[in-house]
Amino acid sequence: MSTSTGWGLIGASTIARQHMLAAIRAQAGHEVVSVASSNADRARAFAAEFGIASAVDSVDALLADPAVKVVYISTTNELHRQQVLAAARAGKHVLCEKPLALTLDDALAMVKACRDAGVVMATNHHLRNAATHRKMRELIQSGVIGRPLFARVFHAVYLPPNLQGWRLDKPQAGGGVILDITVHDVDTLRFLLGAEPVEAVGMGQSAYLAQQGLEDGVMAVLRFDNGVLAQLHDAFTVKHAGTGIEIHGDAGSLIGRDVMTQRPIGEVVLRNESGEHAVPVHHENLYARGVAAFCAAMQGTGAPAATAEDGVRSLAAALAVADACHRGTLVRLPALSIQG
Ligand code: NDP
């Protein structure tokens, strides 16, 4: 009998295929033992392509497998809630994709279910694991830029053709740029600033990809509880803007270029009264690092990079931006008391 910790993949998804399978396999003592898809052929094809022992066509079947100790959930967003609740009932640890859910109540119910079941739950906000963002956080905490005052996030990209599906035409699946990209921006800002967003305004755009009332672009401003104002620009429709994040303080500015990405790339620059200084960073795979932290949390020797609570708080801000866009008004975020 294997002594490895067995993972079940809930969702034969692109992110599992392109990043997470390898990230899990990079962990010593962990193996992927089963994959569940709503479509039996897709499950079998995925398992065959990647050498996974078991392929099943239901979440219940995957959760009934005693070899599965932990699940990675990467289905479309409306399914996360019921799948996390089922996993918690089955006593499996849960690494869930963002956005955790479509509503705050659902996300809170997921956190509670995992807490009550005594399983670890975490959110796959990968950007916290980037060497660039970790270095920027460290420098901000050490006071290098003085008091942070403003942040700007540049995350307007072109949605790859192979992903131009439910994100563009299924509001019921949690499509749209805000739940896809803005939620990541907010999580990254919360990580960098060590502060929580309290107010949001925004305007959405449906330019030429999104349908059914969904946005494929957004500009938003968030106020954080430390006073920082953050400007966000997210899109599925822009091919050549490049990505970045900037934090401006009263003593200096940190500029991250090409850092809002899944890849271990990008650079950090510190600009202050003595000029512009390149900040060395040692890149590593974002997803593998995130899974490693999650594995440590399961073993009781560490904390996830983004906890379940982080997933809830970042979702709350994304929902506030969406609400602000739809209602054309400033939205105050709810006060949250979450015990993960
Ligand atoms: P996909 O569209 O690739 O997969 C979502 C679901 O679509 C799958 O679970 C699968 O259902 C179904 N599906 C897959 N292939 C096909 C097909 N050929 N025909 C019909 N249906 C298919 O989504 P993503 O991988 O892009 O996103 C999944 C989740 O991961 C989302 O929650 C998203 O927000 C998140 N995500 C997170 C990222 C991160 O960096 N943290 C990056 C990208 C996505 P079934 O499982 O039933 O087979």
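Everything that follows concerns the structure shown earlier in this document.
Reading the values: the criteria
Residues numbered from 1 in each chain as written. Predicted model: local features only at pLDDT ≥ 70, side-chain atom pairs only at ≥ 80, totals over all residues. Heavy atoms only, no water. Helix = DSSP H or I, 4+ residues; strand = E, 2+ residues; numbered from the N terminus. Rg over C-alpha atoms; globule rule 2.2 N^0.38 Å. Buried < 20%, exposed > 50% of the residue type's maximum accessible area, 1.4 Å probe, protein only. Contact = heavy atoms within 4.5 Å. Areas by Shrake-Rupley, 256 points an atom, 1.4 Å probe, with all protein chains shown as cover. Lys, Arg positive; Asp, Glu negative; His and termini not counted. Charge placed at Lys NZ, Arg CZ, Asp CG, Glu CD. Axes fitted to C-alpha atoms, helices over the stretch in contact; angles between N-to-C directions. Parallel < 35°, antiparallel > 145°, perpendicular 65-115°, else oblique. Left-handed = near helix turned anticlockwise from the far one by under 90°. Nonpolar A, V, L, I, M, F, W, Y, C, P; charged D, E, K, R; others polar. Pairing = 2+ DSSP bridges. Salt bridge = Lys/Arg side-chain N within 4 Å of Asp/Glu carboxyl O. Near = heavy atom within 4 Å. Polar contact = N/O pair within 3.5 Å; in protein donor to acceptor, adjacent residues only side chain to side chain. Expected span 1.5 Å × (residues − 1).

1. With respect to the overall build of the chain
Reasoning step 1: Looking only at helices and strands, the chain features 10 helices and 15 strands.
Reasoning step 2: Radius of gyration (C-alpha) of the chain: 20 Å, near the 20 Å computed for a compact globule of 340 residues.
Reasoning step 3: The proportion of buried residues among the 340 residues of the chain is 54%.
Reasoning step 4: Considering only contacts within the chain whose residues lie at least 6 apart along the sequence, 69% involve residues at least 24 apart.
Reasoning step 5: Looking at the chain as shown, the accessible area adds up to about 14,400 Å², and 50% of this sits on carbon and sulfur atoms.
Reasoning step 6: Charge separation in the chain, taken as the distance between the mean sites of 29 positive and 32 negative side-chain charges, equals 2 Å.

2. Observations regarding the packing of helix α1 (residues 14-25) against helix α2 (residues 40-50)
Reasoning step 1: Between α1 and α2, whose axes approach to 13 Å, the crossing angle comes to 50°. When the axes of α1 and α2 are compared, the pair comes out oblique. By crossing handedness, the relation of α1 to α2 is classed as right-handed. Packed against α1, whose contacting residues are Ala 16, Arg 17, Leu 21 and Arg 25, the element α2 presents Phe 46, Glu 49 and Phe 50 at the interface.
Reasoning step 2: Of the residues belonging to the contact of α1 with α2, the class tally is 4 nonpolar, no polar and 3 charged.

3. Let's talk about the sheet that holds strand β6 (residues 121-123)
What links the strands of a sheet is backbone hydrogen bonding, and the strands pair in either a parallel or an antiparallel sense.
Reasoning step 1: If you trace the 6 strands from one edge of the open sheet to the other, you get β3-β2-β1-β4-β5-β6, paired in parallel fashion. Each having just a single partner strand, β3 (54-56) and β6 make up the two edges of the open sheet. Sheet twist, expressed as the mean angle between neighbouring strand axes with direction ignored, is 25°.
Reasoning step 2: Alignment of strand β2 (residues 30-36) against β3, held across 3 bridges, turns out to be parallel. The partner of Val 35 across the bridge, within β3, is Ala 55.
Reasoning step 3: The strands that helix α9 (residues 286-298) touches are β1 (5-10), β2, β4 (70-73), β5 (93-96) and β6; relative to β5, the one it contacts most, it runs at about 160°.

4. Some remarks on the environment of Leu 127
Reasoning step 1: Note that Leu 127 resides in the loop between β6 and α6 (131-141).
Reasoning step 2: By relative accessible area, which is 1% here, Leu 127 ends up buried.
Reasoning step 3: Each C-alpha atom of the pair Leu 127 and Thr 261 lies 7.5 Å from the other, and the pair is 134 residues apart in sequence.
Reasoning step 4: Aside from chain neighbours lying at most four places away, what touches Leu 127 is His 133, His 155, His 184, Thr 188, Val 259, Met 260, Thr 261 and Leu 286.

5. Here we look at the environment of Val 68
Reasoning step 1: By the secondary structure assignment, Val 68 is in the loop between α3 (59-63) and β4.
Reasoning step 2: When its relative accessible area of 1% is taken as the criterion, Val 68 is described as buried.
Reasoning step 3: A C-alpha to C-alpha distance of 20 Å links Val 68 and Arg 42, two positions 26 residues apart in sequence.
Reasoning step 4: Not counting chain neighbours up to four residues away, the residues in contact with Val 68 comprise Gly 6, Trp 7, Gly 8, Val 33, Ser 34, Leu 62 and Lys 92.

6. Remarks on the pattern of salt bridges
Reasoning step 1: Under the defined criterion, the tally for this structure stands at 23 salt bridges.
Reasoning step 2: Note that Asp 116 is salt-bridged to Lys 112, the shortest N-O span being 2.7 Å. Of the two residues, Asp 116 and Lys 112 are both situated in helix α5 (residues 104-117); the distance of 4 residues between them amounts to about one turn of the helix.
Reasoning step 3: Among the residues examined, Lys 112 registers a relative accessible area of 42% and is labelled partly exposed.
Reasoning step 4: With a closest N to O distance of 2.9 Å, Arg 327 and Asp 323 form a salt bridge.

7. Notes on the site of the ligand
Reasoning step 1: With respect to spatial proximity, 25 residues lie near the ligand, and among them Thr 14, Ser 37, Ser 38, Asn 77 and Tyr 287 are the closest.
Reasoning step 2: A distance of 2.6 Å separates an oxygen atom of the ligand from a polar side-chain atom of Ser 38.
Reasoning step 3: Residue Arg 167 places a side-chain N or O atom 2.9 Å away from an oxygen atom belonging to the ligand.
Reasoning step 4: Alone, the ligand offers 900 Å² of accessible surface; in the complex the protein occludes 76% of this.
Reasoning step 5: Put simply, the parts of the chain that give the shell around the ligand at least two residues each are α1, α7 (166-169) and α8 (177-193).

8. Some words on helix α10 (residues 308-327)
Reasoning step 1: An ideal rise of 1.5 Å per residue puts 28 Å on 20 residues; α10 measures up with 28 Å between its terminal C-alpha atoms.
Reasoning step 2: Where burial is concerned, most of α10 is hidden: 15 out of the 20 residues are buried.
Reasoning step 3: At the N-terminal boundary of α10, the capping side chain belongs to Thr 307, with an oxygen 3.3 Å from the backbone nitrogen of Glu 309.
Reasoning step 4: After α10 finishes, the residue Gly 328 shows a positive phi value of roughly 65°.

9. Some thoughts on the side chain of Asp 234
Reasoning step 1: As for its position among the elements, Asp 234 is in strand β10 (residues 229-235).
Reasoning step 2: Buried Asp 234, no salt bridge; nearest opposite-charge side chain is Lys 98, N-O distance 11 Å.
Reasoning step 3: Within polar-contact distance, the side chain of Asp 234 engages the side chain of Thr 182 at 2.7 Å.
Reasoning step 4: Other than its neighbours up to four places away in sequence, Asp 234 contacts His 155, Ala 156, Val 177, Ile 181, Thr 182, Asp 185, Asp 216, Gly 217 and Val 218.

By themselves, these figures tell us nothing about what the structure is for.
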